[in-house]
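# Coordinate inspection notes
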There are 2 protein chains.
Amino acid sequence: MKNSIGIVGGGQLGRMMAFDAKKLGFTVNIIDPTPNSPAGQVSDHQIVAPYDDEKAIRELASISDFLTFEIELANAAILEELAQKGLEIHPSAKTLGIIKDKLGQKEFLREKGLPVADFQPVIPSEERVEESHTTELQDKHSGRRSFDGAKSSEWRAQDDTIKKELLQLAEKFGYPLLLKARFDAYDGRGNALINNESHIDEAINKLRGRKLYVEKFVSFSKELAVVIARSTKGEIKSYPVVETIHKNNICHLVMAPADETIQRKAETLAIQTMEQLQGAGVFAIEMFLNKDGNVIINEIAPRVHNSGHFTIEACVTSQFEQHIRAITGLPLGSTEMILPAAVMINILGERNANAEVTGLDKALQIPNVFVHIYGKMETNEERKMGHITVIGKTIEECLKKAQEARRVITI
Amino acid sequence: MKNSIGIVGGGQLGRMMAFDAKKLGFTVNIIDPTPNSPAGQVSDHQIVAPYDDEKAIRELASISDFLTFEIELANAAILEELAQKGLEIHPSAKTLGIIKDKLGQKEFLREKGLPVADFQPVIPSEERVEESHTTELQDKHSGRRSFDGAKSSEWRAQDDTIKKELLQLAEKFGYPLLLKARFDAYDGRGNALINNESHIDEAINKLRGRKLYVEKFVSFSKELAVVIARSTKGEIKSYPVVETIHKNNICHLVMAPADETIQRKAETLAIQTMEQLQGAGVFAIEMFLNKDGNVIINEIAPRVHNSGHFTIEACVTSQFEQHIRAITGLPLGSTEMILPAAVMINILGERNANAEVTGLDKALQIPNVFVHIYGKMETNEERKMGHITVIGKTIEECLKKAQEARRVITI
């Protein structure tokens, strides 16, 4: 019997995946560099190592029947080799490869005729000086950026080249522009908005050292997301389309379901996208609703997603159980909502210190409020520390309760 | 911040408690003699030791802000001492003491004017020869019973004394009688039905070596259960009354809610019982509905209970989250059902071997079916290996699906 799942990444996504995998009786093992990671705490075993550590991935593979990810970092060469040896890896290295390069992802979508904003790469990537993924990740939560002093003249020369290109692209697309990192750009940390020429230097400074592309800024009326799953048997099931609200580029609020008029358009686009994309598992497709009423794809995440956390309480099958079902070849579960409405609000860190939750008692006094705390040892400003879901009859009612519950919790 | 919970017992009840405690951000540590126990797999740390091991309980206490139980075994003296030192222990040693002696429990209930079946102790307990709890537990699942040969003449003399008493009690109460073990009588393993005089020897043989009492057999029309919680703040909340069906004295099926006519009577009795009983946490009150339409208490469990597993999917707050809220002083959650009906069916082991689940794919194909597998390494005949919950509009619809799902799973 195949019953062992390996997850690369031990954050909150891995943790919630582990809850549902364990519920179904699977063994769960994790790779994460932080000992006692959120997912490690609730899994059978954690290998403490960087996400792309070859030895660790081989060790995880040796004790897993199925391998999956909660982050888009992976060592593609090893994954290909392990897959050829018969290990079930979902999504596949190929699919991850397409998606993890945001420029490649956009090129893929445009090529398949799927609607995306105008975009263009900035200087051929071979010419760029790169930080390693590992360093970047280690610095991600602390906000620190460190550069080798010896490289500074090289950076300056590159900065000038990039600036020239951006000025040309501004003529082509018009302002505002978005300068975007191609890789590892979570939660807006890889985006810089250029409203006019005076913002260019700051944008270059923010993203220095990363592979970049430029995108025409979409003046959207709403942000939407569709969580959708495909199983290894080919079955596809979509969750209700939701409306999302971001603050500082970080998912802040999710309201489910989105207006009925948008539902069909967004779901159709999500299914068209999945038909083009290979691979099993849960995917999240973030979209913009344009001012003209059309939907275009903003970004695909090849994994369970913040915009699907509401499914834990609001839908028959949570996105996490759905992902486990999808990668292990089990039938997909119903994605129907149990009650008519749900709202999810993130609990982001408010200071840099040891995590300490207060106000849980006040939040839990509000009926139909569900609080999730991720068990991270340290809180940092804007770090995802937990979330709140409210289910009910109307979005207005849920929203009010969610905001009230969020207000009384500190972390 | 108090955020660490210690659980004595690492079976499925501890496991499901751990899921919800972790969801709320608590640290969870477990004592269980079996390494990698169902709860240990999903908790921060497991101390591998017998449930009543003094050193282990002191170690657990040293890393816990709150101590609780998934089994009614405890070392009362140590618990009292730890409680006096300021550790929060729920339910208290005193409450556990009243409940774990089934005879003492009945005496307590009768004294408080709560309805129970007629009963009487069999020979003063001081005169009895006892097995240790530990031996009994170790043998529980294997069905083996072992006795010291040197004791056999002592047993024979006791058997004769018990038989004489039983014959007298039969005259007083009439047949059928139930001979019952006072301690550690889970899942009917401590009960023997005596329909007439010819059954007496077999009953004595079955329960030899244990403290006993006799109860008049209640000819019930239905078995009911009420899961009810009291928090350390004194708040009390009851779940919908359910109808239970036992097979070989083991909970087989739970149907929620029970008929409306029974709801109020049973809930009132449950609340009256909680008002008499000290202690915080979730309690399960098993009842009989007599043929004359009255409810009487069969038994109280001072813990989350098999008859409350349906609450995970069917109610706003699961009994496991409710227990965590109750013992940590958080407000109790809503016990309302989300959909009108739910059915829970147990998955009992069918053979003695390494656990291996088949048919999960077929079961999960049925909509609104939730499967829980407890992660036990070995399956044994009648061992609780998992359960299935179905939620829906009517009990009939849920029951049909639950039975279909149970039929296709083997373990």
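Residues numbered from 1 in each chain as written. Chains lettered and ligands numbered in written order. Predicted model: local features only at pLDDT ≥ 70, side-chain atom pairs only at ≥ 80, totals over all residues. Heavy atoms only, no water.

## Here we look at the overall build of chain A
In terms of helices and strands, chain A carries 13 helices and 20 strands. Against the 2.2 N^0.38 benchmark of 22 Å for 411 residues, chain A shows a C-alpha radius of gyration of 21 Å, consistent with a compact globule. Oriented by its inertia axes, the alpha-carbon framework of chain A measures out at about 55 × 50 × 45 Å. Split into buried and exposed, the 411 residues of chain A put 61% on the buried side. (Helix = DSSP H or I, 4+ residues; strand = E, 2+ residues; numbered from the N terminus. Rg over C-alpha atoms; globule rule 2.2 N^0.38 Å. Buried < 20%, exposed > 50% of the residue type's maximum accessible area, 1.4 Å probe, protein only.)

## A short note on the packing of helix α1 (residues 12-23) of chain A against helix α11 (residues 319-328) of chain A
Residue and element names in this part refer to chain A. Taken N-terminus to C-terminus, the directions of α1 and α11 make an angle of 65°; their axes are 8 Å apart at the nearest point. By the criterion of interaxial angle, the relationship of α1 to α11 is roughly perpendicular. Handedness of the crossing formed by α1 with α11: right-handed. Mapping the contact onto sequence places L13, M16, M17, D20, A21 and K23 in α1 and F320, E321, H323 and I324 in α11. Here the residues of the contact of α1 with α11 sort into six nonpolar, one polar and three charged. (Axes fitted to C-alpha atoms, helices over the stretch in contact; angles between N-to-C directions. Parallel < 35°, antiparallel > 145°, perpendicular 65-115°, else oblique. Left-handed = near helix turned anticlockwise from the far one by under 90°. Contact = heavy atoms within 4.5 Å. Nonpolar A, V, L, I, M, F, W, Y, C, P; charged D, E, K, R; others polar.)

## Observations concerning the sheet that holds strand β7 (residues 177-181) of chain A
All names here are of chain A. Spatially, four strands are ordered β6-β9-β7-β8 in an open sheet, and the strand pairing comes out antiparallel. Taken across any chain shown, the strands that pair with only one partner, and hence form the sheet edges, are β6 (119-122) and β8 (191-194). Going across the sheet, the axis of each strand differs from the next one's by a mean of 25°, ignoring polarity. The pairing of β6 with strand β9 (residues 212-216) spans four bridges and is antiparallel. If you follow F119 over to β9, its bridge partner there is E215. Across the sheet, helix α5 (residues 102-111) touches β6, β7 and β9, and the angle it forms with β6 is around 145°. Seen against the sheet, helix α7 (residues 152-173) touches β6, β7, β8 and β9 and runs at an angle of roughly 170° to β6. (Pairing = 2+ DSSP bridges.)

## Considerations on the interface of chain A and chain B
Listed by partner, the interface residues are 34 residues for chain A and 33 residues for chain B. For the pair chain A and chain B, the two sides together bury roughly 3,100 Å², of which 63% comes from carbon and sulfur. For the chain A face of the interface with chain B, the top three residues by lost area are A:M1, A:K23 and A:L364, together amounting to 19%. Linking chain A with chain B are zero salt bridges. Taken together, chain A and chain B are joined by eight residue pairs in polar contact (both at pLDDT 80 or more). Going through the elements one at a time, α1, α11, α12 (360-363) and β18 (369-373) of chain A are the ones with two or more residues in the side of chain A that touches chain B. (Buried area = accessible area lost by both parts, 1.4 Å probe. Salt bridge = Lys/Arg side-chain N within 4 Å of Asp/Glu carboxyl O. Polar contact = N/O pair within 3.5 Å; in protein donor to acceptor, adjacent residues only side chain to side chain.)

## Considering the relation of the copies chain A and chain B
Note on the identical chains: chain A maps onto chain B by a rotation of 180° and an axial translation of 0.0 Å, with an RMSD of 0.1 Å. Accordingly, the operation relating the two chain copies is best matched by a two-fold axis. If distances are taken from each C-alpha of chain A to the rotation axis, the shortest is found for A:V42, at 2.0 Å. Looking at the interface residues of chain A, 97% of them are also at the interface in chain B, so both copies use one shared face. (Least-squares fit on C-alpha atoms with pLDDT ≥ 70 in both.)

## Observations regarding the packing of aromatic side chains
All names here are of chain A. On inspection of all chains with the given rule, the structure shows three aromatic pairs over all chains. When the ring of F220 is compared with that of F288, the centres are 4.8 Å apart and the planes differ by 5°; the resulting orientation is stacked. Residue F220 is found in strand β10 (residues 220-230), and its partner F288 is found in strand β14 (residues 281-290); the two are separated by 68 residues along the sequence. (Phe/Tyr/Trp six-rings, centres within 6.5 Å; stacked < 30°, edge-to-face > 60°.)

## Regarding the pairing of strand β1 (residues 4-8) of chain B
Residues and elements named next belong to chain B. Judged by how many residues are buried, β1 sits mostly within the fold: five of five residues are covered. Side-chain alternation along β1 places S4, G6 and V8 on one buried face and I5 and I7 on a second face that is also buried. In terms of strand pairing, β1 meets strand β2 (residues 27-32) through five bridges, oriented parallel. Bridge pairing in β2 places G6 opposite N29. Handedness of the crossover is the feature at issue here: the chain leaves β1, passes through helix α1 (residues 12-23), returns alongside β2, and the resulting connection is right-handed. Here β1 pairs with strand β4 (residues 66-69) via four bridges, running parallel. Its bridge partner lying in β4, V8 is registered against F69. (Right-handed = clockwise from strand over helix to strand, strands pointing away.)

## Some remarks on helix α4 (residues 93-100) of chain B
Three or more residues of α4(B) are buried, namely B:A93, B:T95, B:L96, B:I99 and B:K100. Down the axis of α4(B), the sector holding all buried residues measures 160°, keeping them to one side. (Arc of directions from axis to C-beta.)

## Side note on the environment of B:Q84
Counting through the fold element by element, B:Q84 comes out in helix α3 (residues 76-84). Overall, B:Q84 belongs to the exposed group, its relative accessible area being 71%.

## What to know about the pairing of strand β9 (residues 212-216) of chain B
Residue and element names in this part refer to chain B. Burial of β9 is extensive: four of the five residues sit out of reach of the surface. Pairing of strand β7 (residues 177-181) with β9, which is carried by five bridges, proceeds in the antiparallel orientation. Pairing of K180 across the sheet is with Y213, part of β9.

## Examining the sheet that holds β4(B)
Residues and elements named next belong to chain B. Read across the sheet, five strands follow the order β3-β2-β1-β4-β5 without closing on themselves; strand pairing throughout is parallel. Both outer strands of the open sheet, β3 (45-48) and β5 (88-89), are each paired with one neighbouring strand and no more. Direction of pairing for β2 relative to β3: parallel, over a ladder of four bridges. Counterpart to D32 in the pairing with β3 is V48. On top of the sheet, helix α11 (residues 319-328) reaches β1, β4 and β5; it is set at about 135° to β4, its chief contact.

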